[in-house]
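Secondary and tertiary structure notes
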Amino acid sequence: MEAIQVLKGMRDLLPEQTAWWQRMERELAGVLDRFGYQELRTPLLEPTALFKRSIGEATDIVEKEMYTFQDLDGSSVTLRPEGTASAVRAYLENFTWKKEPISRWYYLGTMFRHEKPQKGRYRMFSQVGAELLGAAEPAADVELIDLAVECVRAVGLSEATLELNSLGCPACRPAYRERLVAYLRVQRSALCEPCQRRLETNPLRVLDCKVEGCQKVAEEAPRILDFLGPECLSHLEAVRAGLESMGHAYRLNHRMVRGLDYYSRTTFELLTGGLGAQSAVAGGGRYDGLVAQLGGPEIPAVGFAAGLDRILLRLAELREPPQGPPIIFVASQGEAGWRAALPLVQRLRRAGHKVLSDVRAGSLKAQLKRADKDRARLVLVLGEEEIQAGAVSVKDMAAPEGAQDKQVRCALADLDRLLGEKLGGVK
Ligand code: HAM
């Protein structure tokens with residue numbers, strides 16, 4: 001029978017990988033907590049209309065990347081391709097805006113996009129995201145950008161570089177869009193086929209197309225920054241001043257337009273090397289119109305999300321693998337040894353140690369081999385002699401062969417003291 005395989009663009013994370021993930025998630029939760037962000041968990045499945053209305057009908061995500069299907073009751077549902085739309089839905093549905101003037105939320109979880117898989121691009125991937133709802137001030141943008149940088153830095157990617165742009169607002173963007181479309185129409189024949197279509201539906205997206213011909217056209221295109229109204233311009237200047245006073249280096253990139261339609265004013269991305277075309281490890285920006293667009297009051301907001309799969313791909317090249325706590329392996333001989341080992345194993349685990357023992361019946365020699373394979377730091381041996389003496393033999397796997405304290409006999413009553421000495425209080 002043919003073996004069943006994992007779906008294209010999806011993958012298993014085996015224990016040697018989940019150790020990296022767990023460390024990264026712990027570090028991220030620490031940073032987010034220090035910034036005062038609280039965790040939000042929303043369903044993976046949402047009404048399709050939520051994403052159509054927020055991300056935008058003319059985006060790649062909504063046009064061709066959503067996992068959308070009909071639920072048993074006939075309604076159209078979609079596996080979430082991102083977290084911002086769900087966060088805003090929850091914010092409105094729970095009337096959070098009535099209860100607090102400012103909300104700082106974060107989420108960590110799985111997203112789904114039916115993209116063409118390649119290095120750093122999957123159909124099921126994980127993001128950490130943060131949203132600050134209720135503040136229109138540039139200080140909020142600065143806090144979010146600083147948070148994104150700190151998240152990426154805390155997990156070990158201090159090399160990431162920051163790119164910044166402003167997409168203007170509904171007052172100044174239409175004039176820019178008009179000028180851009182006029183320019184692109186003249187250049188039409190130099191554009192790739194999808195961009196010839198985008199030119200009519202979502203012309204700003206032409207600016208960040210990766211095809212060489214389109215890039216050349218984009219380089220000469222009118223720049224949004226030259227069209228910003230006075231308020232958008234002073235907002236951008238204040239964000240820049242804030243970033244500069246925190247020492248954050250950045251590059252202004254007028255071609256960074258992002259793949260979602262809800263942005264206004266500030267947009268930003270964090271980029272890193274080693275990932276080829278998928279160099280964006282995080283992206284975000286301000287989305288002042290989205291809450292109202294989803295049926296709520298006019299509430300300004302800003303946020304970002306980072307791609308954890310991409311970060312980890314890069315980290316595996318830069319960082320040491322995570323080290324777990326020291327392992328104590330309990331080996332025993334015969335039925336009596338096994339029975340004496342059980343309460344010892346239980347006591348040590350309850351005291352907070354990481355303790356392994358072999359559940360297969362095997363010789364002492366086989367168990368010692370196993371302990372070595374498991375990279376145990378200490379092996380406690382309970383043989384006949386030890387049981388009779390109310391003691392254990394403690395083998396220190398880190399001590400050099402022949403050293404005096406390589407193997408010592410220790411009374412059970414004295415074991416805690418010896419473990420403290422050997423492990424230096426590390427559990
Ligand atoms: P996004 O730029 O679409 O923004 O995604 C954020 C990050 O998720 C990307 O920079 C990338 O690292 C990662 N990512 C996206 N697609 C994939 C994929 N197919 N495979 C692996 N990683 C991927 C958003 O999702 C917005 N919701 C961010 C935001 C929050 N804006 C405001 N608040």
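Report on the accompanying structure. Model, not experiment: these values are computed from the prediction. (Residues numbered from 1 in each chain as written. Predicted model: local features only at pLDDT ≥ 70, side-chain atom pairs only at ≥ 80, totals over all residues. Heavy atoms only, no water.)

**Some words on the overall build of the chain**
This is how the line gets drawn: Put simply, DSSP marks the helices as runs of H or I at least four residues long and the strands as runs of E at least two long, and each gets a number from the N terminus on. A simple rule labels every residue: compare its accessible area, found with a 1.4 Å probe on the protein chains alone, to the largest value its type can have, and call it buried under 20%, exposed over 50%, or partly exposed in between. Working rule for contacts: check all heavy atoms of both residues, and any pair within 4.5 Å makes them a contact. Here, Shrake-Rupley sampling with a 1.4 Å probe gives the accessible areas, and only protein chains in the shown set may cover a residue.
In terms of helices and strands, the chain carries 16 helices and 16 strands. Each principal axis of the C-alpha distribution contributes one length, and for the chain these read about 90 × 60 × 45 Å. In the chain, which comprises 427 residues, the proportion classed as buried is 49%. The contacts in the chain between residues at least 6 apart in sequence include a share of 69% that link residues at least 24 apart. Per element, the accessible surface of the chain, about 21,800 Å² overall, is 51% carbon and sulfur.

**A few points about the sheet that holds strand S2 (residues 45-47)**
Short version of the rule: Any two strands between which DSSP finds at least two bridges are classified as paired. In this description, a line fitted to the C-alpha atoms serves as the axis of each element, helices being fitted only across the stretch in contact, and the angle between N-to-C directions of two axes falls anywhere from 0 to 180 degrees.
On the basis of which strands lie adjacent, the open sheet formed by 3 strands has the order S2-S4-S3 and antiparallel pairing. Every interior strand has two partners, whereas the edge strands, S2 and strand S3 (68-70), have only one. Averaged over all pairs of adjacent strands, the angle between strand axes in this sheet comes to 35°, irrespective of strand direction. Helix-sheet contacts for helix H2 (residues 48-55) involve S2, S3 and strand S4 (76-79), and the interaxial angle to S2 is about 75°.

**A short note on the sheet that holds strand S13 (residues 354-357)**
Ordered in space as S13-S12-S14-S15-S16, the 5 strands form an open sheet in which the pairing is mixed. Of all strands in the sheet, those with a lone pairing partner are S13 and strand S16 (407-411), marking the two edges. In this sheet, neighbouring strand axes are inclined to one another by 30° on average, regardless of whether the strands run parallel or antiparallel. Across 4 bridges, the pairing between strand S14 (residues 378-382) and strand S15 (residues 391-396) is antiparallel. For Val379, the partnering residue across the bridge sits in S15 and is Lys395. Where helix H13 (residues 334-350) meets the sheet, its contacts fall on strand S12 (327-332), S13, S14 and S15, and the angle it forms with S12 comes to roughly 160°. Of the strands in this sheet, S12 and S14 are in contact with helix H14 (residues 364-373), which crosses S12 at around 170°.

**A word on the site of the ligand**
Let me state the cut-off plainly: One heavy atom within 4 Å of a molecule or strand is enough for the residue carrying it to be called near that molecule or strand. As used in this structure description, the phrase polar contact means that two N or O atoms lie within 3.5 Å; if the pair is within protein, one of them must be able to donate a hydrogen and the other to accept it, and residues adjacent in sequence are counted only when both atoms belong to side chains. Gly is placed with the polar residues, together with every amino acid not listed as nonpolar (Ala, Val, Leu, Ile, Met, Phe, Trp, Tyr, Cys and Pro) or charged (Asp, Glu, Lys and Arg).
Close contacts around the ligand come from 26 residues, with Glu82, Glu115, Tyr122, Glu131 and Tyr263 the closest. Contact distances for the ligand include 3.1 Å between an oxygen atom and a side-chain N or O atom of Gln127. In the model, a nitrogen atom of the ligand is placed 3.3 Å from a nitrogen or oxygen of the Phe304 main chain. Isolated, the ligand exposes 660 Å² of accessible area, and the fraction of that covered by the protein chains is 96%. Those elements that provide at least two residues to the shell around the ligand are strand S6 (124-133), strand S10 (280-286) and strand S11 (301-307). No other element matches the 5 residues that S10 contributes to the shell around the ligand. Residue classes in the shell around the ligand are distributed as 12 nonpolar, 7 polar and 7 charged.

**A word on the side chain of Arg205**
Mapped onto the elements, Arg205 comes out in the loop between helix H8 (193-201) and helix H9 (212-219). There is a polar contact of 3.1 Å between the side chain of Arg205 and the side chain of Asp208.

**Describing the packing of H2 against helix H4 (residues 84-93)**
Threshold: Each angle gets one of four labels, with under 35 degrees taken as roughly parallel, over 145 as roughly antiparallel, 65 to 115 as roughly perpendicular, and the rest as oblique.
Between H2 and H4, whose axes approach to 9 Å, the crossing angle comes to 110°. Taken together, H2 and H4 sit at an angle that is classed as roughly perpendicular. Here H2 contributes Leu50, Phe51 and Ser54 to the contact with H4, which in turn contributes Ala85, Ser86 and Arg89. Here the residues of the contact of H2 with H4 are counted per class, giving 3 nonpolar, 2 polar and 1 charged.

**Section: the pairing of strand S9 (residues 266-271)**
Across the 6 residues of S9, 6 count as buried, placing the element largely inside the fold. Where S9 meets S10, 5 bridges bridge the pair, whose relative direction is antiparallel. By the bridge assignment for S10, Phe268 is matched with Gly284.

**Section: the environment of Tyr91**
Position of Tyr91 among the secondary structure elements: in helix H4. In the structure, Tyr91 is positioned 289 residues away from Leu380 in sequence and 54 Å away in space, judged by C-alpha atoms. The contacts of Tyr91, once residues within four sequence positions are left out, are Thr96, Trp97, Ser103, Trp105, Leu133, Val291 and Ile299.

**Some thoughts on the pattern of salt bridges**
As a reminder, the rule being used: Any Lys or Arg side-chain nitrogen located within 4 Å of an Asp or Glu carboxyl oxygen qualifies as a salt bridge.
Inspection of every chain in the model, using the stated rule, returns 34 salt bridges. Across the salt bridge formed by Arg314 and Glu317, the nearest N and O atoms sit 2.4 Å from each other. Here Glu317 and Arg314 lie together in helix H12 (residues 308-318), a separation of 3 residues that amounts to about one turn. Taking the relative accessible area as the measure of exposure, Arg314 reaches 13% and is therefore buried. In this structure, a network of salt bridges that share partners links the residues Lys119, Glu159, Arg314 and Glu317.

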